[in-house]
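A closer look at the structure
Here's the letter readout for the chains.
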Amino acid sequence: MIPALMPTYNRADLAFERGEGAYVWTDDGRRFLDFGSGIATSSLGHGHPHLVKAIAEQAAKVMHVSNLYRVPQAEKLAARHVAASFADSVFFCNSGAEANEGMVKAVRKYHAENGHPERFRMICFEGAFHGRTLAMLAATGNEKYLAGFGPVVEGFDHVPFGNMNAVRDAIGPATAGIMIEPIQGEGGVRPADLRFLKELRSVCDEFGLLLALDEVQTGMGRSGKLWAHQWAGIEPDVMSSAKGIGGGFPLGAVLAKEAVAKHLKPGTHGTTYGGSPLACAAGNAVLDVVLAEGFLAQVDRVARHLWRGMVALAERHPTVVEHVQGAGLLLGLKLRPEIVNSDMQTACVAQGLLTVAAGMNVLRVAPPLIVTEVEVDEALAMLDRTCLALTPAKVMAPAK
Ligand SMILES: *Cc1c(COP(=O)(O)O)cnc(C)c1O
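Below you will find a few notes about this structure. Since we're looking at a predicted model, the values are computed, not measured.

Notes on the layout of surface pockets
Of the pockets and cavities examined, the largest pocket occupies roughly 1,900 Å³. If you go around the largest pocket, you meet 40 residues; those closest to its centre are Tyr 9, Asn 10, Ile 39, Gln 345 and Val 356. Going through the elements one at a time, α1 (37–40), α6 (143–146), α12 (341–351) and β16 (356–358) are the ones with two or more residues in the lining of the largest pocket. Counting residues domain by domain, the lining of the largest pocket receives three or more from each of domain 1 (16–48 + 293–391) and domain 2 (50–290).

This is the structure in structure tokens:
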């Protein structure tokens, strides 16, 4: 019989009862070091006192009023996002896919309002992940995810990740913008070359296209800077964010330059839940922590420590790990073809470590941003034991 909870996931047989910082405990009392952060989402770890207090206090006052009224918590959060980013205006929603839908709508509207309704196509990249709604399945372009869900939504063209010639070739009279993750997350923790991101900015300027960044996974400090595109020294025209910005509370955002945002007038786009007092209280609490003096510098420092440790791990276990890739606290172990990432994920669980598999046989390591070097060392030791456990047995010469 089908489980009451629809079986869309292959879930590990673990149920967590509580968490504190980078640790979570199962209902039967086992402790795990959480280097998955609920898929790069629990940015402040578990039970962060400031976030818990903000949510509890706001929940007791008023959780939801709808966007028919002013929401001071949302006004404050938007103003802070504007102050801390390229954007002039922010739309709040509830998830990454919804933020991406809003972003693509914003791009299409911009061209339509500027007299070019025929410009609606987005250039996207192979290996991308943009979410599970019908349009974002099309933007993702992964055959595995598209299968069985009917005609693919029009308007998304795919080119190889990092290939500037292919991007130029794909630009046509219907092209509206370029949509890219600065680091492909689900696709295998694959960072775009910073030079490639700069070139995308120039080609957008050259052809009047909008640069739309999907920072759902890479934003809010995950890369060691507030936004991953800051490493490239560029600014997008519009950007989506979600995952870490609510610290585990569902919150998404579309951040846009005025030239784009000004066309999303009343009635053009909306959401019932988006930008509620409760969600924005969570978002403000996360910002309090992430924007505090020295926090991102600490993330960057710990991230470099993790990177060095993972590179050393890869060198010690060449039959398990090919190399390390990623940036900040979004790192991946690219595994040897003989080692399956989901097997390694399971083997990590046996050592007390949570990680997340990603595409291209990569094991994703994404601890909460509050992680310490001591916890990183503990995780590295667990990864080391996992690699030992997975090391293919050497064929021994028979003893004489
Ligand atoms: C997770 C993710 C999404 C989808 O977010 P949901 O909240 O699951 O809808 C979109 N883009 C990227 C880059 C993601 O990592």
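Considerations on the pairing of strand β7 (residues 175–180)
Among the 6 residues in β7, 6 count as buried, and that is most of the element. For β7 and strand β10 (residues 210–214), the ladder comprises 4 bridges, and the chain directions are parallel. From the neighbouring strand, Gly 177 faces β10, where its bridge partner is Leu 210.

What to know about the packing of aromatic side chains
Counted according to the given criterion, the structure contains 5 aromatic pairs. Ring geometry for Phe 16 against Phe 32: centres 5.9 Å apart, planes inclined by 85 degrees, an arrangement best described as edge-to-face. Pair noted here: Phe 16 is in strand β1 (residues 16–20) and Phe 32 is in strand β3 (residues 31–34), with a separation of 16 residues, a long-range link. Relative accessible area serves as the criterion here: at 38%, Phe 16 is assigned to the partly exposed category. A centroid spacing of 5.7 Å and a plane angle of 85 degrees characterise the contact between Phe 125 and Phe 196, whose relative ring orientation is edge-to-face.

Structural notes on the sheet that holds β16
Strand order in the open sheet formed by 4 strands is β13-β14-β17-β16, with antiparallel pairing between adjacent strands. Each edge of the open sheet carries a strand with a single partner, namely β13 (321–327) and β16. Sheet twist, expressed as the average angle between the axes of neighbouring strands with direction ignored, equals 30 degrees. Two strands pair when backbone bridges link them, and β13 and strand β14 (residues 330–335) are joined in this way by 6 bridges, in the antiparallel orientation. The partner of Ala 327 across the bridge, within β14, is Leu 330. Of the strands in this sheet, β14, β16 and β17 (362–365) are in contact with α12, which crosses β17 at around 40 degrees.

A word on helix α10 (residues 277–290)
Across its 14 residues, α10 extends 20 Å between first and last C-alpha, which sits within 8% of the 20 Å expected from 1.5 Å per residue. Counting buried positions along α10 gives 13 out of 14 residues, so the element sits mostly inside the fold.

Considerations on unusual backbone geometry
Of note, Lys 243 is a non-glycine position whose phi angle comes to about 30 degrees, a positive value. Its location among the elements puts Lys 243 in the loop between β11 (238–241) and β12 (252–256).

Digging into the sheet that holds strand β6 (residues 156–159)
Read across the open sheet, the 7 strands follow the order β4-β12-β11-β10-β7-β5-β6; overall the sheet is mixed. Each having just a single partner strand, β4 (89–93) and β6 make up the two edges of the open sheet. Put simply, the sheet's adjacent strands are angled 20 degrees from each other on average, direction ignored. Alignment of β11 against β12, held across 4 bridges, turns out to be antiparallel. Note that in β12 the partner of Ser 240 across the bridge is Val 254.

Points about the site of the ligand
For the ligand, the full set of nearby residues is Ser 95, Gly 96, Ala 97, Asn 100, Phe 129, His 130, Gly 131, Glu 181, Asp 214, Val 216, Gln 217 and Lys 243. Phe 129 is positioned such that a nitrogen or oxygen atom in its backbone is 3.2 Å from a nitrogen atom of the ligand. When the ligand sits alone it has 380 Å² of accessible area, and the protein chains cover 81% of it. At 3 residues, the largest contribution of residues to the shell around the ligand is made by helix α4 (residues 96–113). Across the shell around the ligand, the residue classes break down as 3 nonpolar, 6 polar and 3 charged.

What about helix α8 (residues 194–207)?
Relative to the 20 Å expected for 14 residues at 1.5 Å per residue, α8 spans 20 Å between its end C-alpha atoms, a close match to the ideal helical length. Looking at the buried side of α8, the elements it contacts are β5 (121–125), α7 (164–170), β7 and β10. Where α8 starts, the residue carrying a side-chain oxygen 3.2 Å from the main-chain nitrogen of Arg 195 turns out to be Asp 193. Two residues or fewer past α8, Gly 208 is found with a positive phi of approximately 70 degrees.

Notes on the packing of helix α3 (residues 72–83) against α10
It is at 8 Å that the axes of α3 and α10 come closest, and there the two elements cross at 35 degrees. Between α3 and α10 lies a crossing of left-handed hand. When α3 is examined against α10, the residues Gln 73, Ala 74, Lys 76, Leu 77, Arg 80 and His 81 are found in contact with a partner set consisting of Pro 277, Cys 280, Ala 281, Gly 283, Asn 284, Leu 287 and Asp 288. Here the contact of α3 with α10 is composed, by residue class, of 6 nonpolar, 4 polar and 3 charged.

Regarding the pairing of β14
Counting buried residues in β14 gives 6 out of 6 residues, a clear majority hidden from the surface. With burial as the criterion, each face of β14 is covered, one bearing Leu 330, Gly 332 and Lys 334 and the other bearing Leu 331, Leu 333 and Leu 335. The hairpin turn running from β13 into β14, its antiparallel successor, is 2 residues long, and Gly 328 in that turn takes a positive phi close to 55 degrees. With 4 bridges connecting them, β14 and β17 associate as antiparallel partners. What sits directly across from Leu 331, in β17, is Val 365.

What counts, and where the lines are drawn
- Residues numbered from 1 in each chain as written.
- Predicted model: local features only at pLDDT ≥ 70, side-chain atom pairs only at ≥ 80, totals over all residues.
- Heavy atoms only, no water.
- 1 Å grid on protein atoms, 1.4 Å probe; cavity = no way out; pocket = protein on both sides within 12 Å on 5 of 7 lines; lining within 4 Å.
- Points joined across faces, edges and corners; volume = space filled by probe spheres on them.
- Helix = DSSP H or I, 4+ residues; strand = E, 2+ residues; numbered from the N terminus.
- Domains from an automatic or database assignment.
- Buried < 20%, exposed > 50% of the residue type's maximum accessible area, 1.4 Å probe, protein only.
- Pairing = 2+ DSSP bridges.
- Phe/Tyr/Trp six-rings, centres within 6.5 Å; stacked < 30°, edge-to-face > 60°.
- Axes fitted to C-alpha atoms, helices over the stretch in contact; angles between N-to-C directions.
- Contact = heavy atoms within 4.5 Å.
- Expected span 1.5 Å × (residues − 1).
- Near = heavy atom within 4 Å.
- Polar contact = N/O pair within 3.5 Å; in protein donor to acceptor, adjacent residues only side chain to side chain.
- Areas by Shrake-Rupley, 256 points an atom, 1.4 Å probe, with all protein chains shown as cover.
- Nonpolar A, V, L, I, M, F, W, Y, C, P; charged D, E, K, R; others polar.
- Left-handed = near helix turned anticlockwise from the far one by under 90°.

These results come straight from atomic positions and should not be treated as a statement about function.
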